[in-house]
Amino acid sequence: SRRLIQSQEDERKRIAAELHDSLGQNLLIAKNQLFLVQEMSTRTNGDIQPKLRQVANSVGAALEEARAISHQLRPFQLERLGLTRAIRSMVRQTSDSTKVPIESHIESVDALLPAESEVMIYRILQEALSNVIRHADASQVQIAVEQRGPQIQMVVRDDGRGFDVDTMLDPENPVRGLGLTGFEERAHLLGGQFHCESSPGRGTTLTFELPIPESKNGDAKH
């Protein structure tokens, strides 16, 4: 399972790099060229100004979309900023893009886990926040990431519509919570535990408890 996840991440990294370096760069060049043509046309034929502006705006929108897709495929912040700042950045961007206020407490958890585990943690929190924004109908969200002894604890809590956990995890349920199953599987792959507390009308709390490898934990203590 770890090898499968790693191969998926490698493929995502490749596609993200191509989107960012190839498609994104070409779109940026096209956008700049359109602006130059627009400036030149001011001296000759002003009638084409609106059309050029529309094309430039379309290219700009495509550029932003390519960047967003690239970010979803491969969180470059992990490599540039480290896990802690990458999580804070993701929470801030999510908060800025929605009307739902997100209260966060993110402690430093850098260098506590192997690189592949950091990617999985980032993915878990990214998906958890995305699910809350899309499905919970919440008015407030709280997220906490902190080290507690030999483990990292992550909690995502909302005051949304909630659901019956047993029904959602029932294998016979045709609309069973595949997201919850995915959280549980990822937590187990990291050697940890996943807990979900929820009930209709009372919000949801997702808790992840992930062990820190002994070598990393020893380094953290020093």
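Before reading further, recall that the structure is shown in the block above.
For clarity, every value in this text was computed on a predicted model and none was experimentally measured.

**Quick notes on the nonpolar core**
Judged by nonpolar contacts, the single largest core of 40 residues is most densely connected at I121, L125, M154 and L206. When residues of this core are traced back to their parent elements, those giving at least two are α4 (83-96), β1 (102-106), α5 (115-136), β2 (141-148), β3 (151-158), α7 (178-189), β4 (193-198) and β5 (204-211). It is α5 that contributes the most residues to this core, 10 residues altogether. Setting aside anything within four residues of it in sequence, one finds L125 in contact with I87, M90, I143, V145, M154 and V156. L27, L34, V59 and L63 belong to the second largest nonpolar core, which has 6 residues in total.

**Examining the environment of L189**
For L189, the position within the fold is in helix α7. Put simply, L189 and S117 are 72 residues apart on the chain and 9.1 Å apart in space, counted from C-alpha to C-alpha.

**Focus: the sheet that holds β2**
Judged by pairing direction, the sheet is mixed, and its 5 strands sit side by side in the order β1-β2-β3-β5-β4 without closing on themselves. Pairing within the sheet leaves two strands with one partner each, and these edge strands are β1 and β4. Along the sheet, successive strands turn relative to each other by an average axial angle of 10°, direction set aside. Both β1 and β2 contribute to a ladder of 5 bridges, which runs parallel. Across the sheet, residue I102 finds its bridge partner in β2, namely V141.

**A short note on the pattern of salt bridges**
Across all of its chains, the model carries 3 salt bridges by this definition. Across the pair R161 and D137 runs a salt bridge, and its minimum N-O distance is 3.9 Å. Remark: D137 occurs in the loop between α5 and β2 and R161 occurs in the loop between β3 and α6 (165-169); sequence separation between them is 24 residues. An identical accessibility class is assigned to R161 and D137; each is exposed.

**Here we look at the environment of S104**
Topologically, S104 is positioned in strand β1. On the basis of relative accessible area, S104 is assigned to the partly exposed category, the value being 42%. Measuring from C-alpha to C-alpha, the distance between S104 and R92 comes to 9.2 Å, with 12 residues separating the pair along the chain. Setting aside chain neighbours within four positions, we find S104 in contact with V91 and I143.

Calculation criteria
Residues numbered from 1 in each chain as written. Predicted model: local features only at pLDDT ≥ 70, side-chain atom pairs only at ≥ 80, totals over all residues. Heavy atoms only, no water. Core = buried A, V, L, I, M, F, W, Y, C linked by side-chain atoms within 4.5 Å. Buried < 20%, exposed > 50% of the residue type's maximum accessible area, 1.4 Å probe, protein only. Helix = DSSP H or I, 4+ residues; strand = E, 2+ residues; numbered from the N terminus. Contact = heavy atoms within 4.5 Å. Pairing = 2+ DSSP bridges. Axes fitted to C-alpha atoms, helices over the stretch in contact; angles between N-to-C directions. Salt bridge = Lys/Arg side-chain N within 4 Å of Asp/Glu carboxyl O.

Geometric descriptors of this kind do not, in isolation, establish any biological role.
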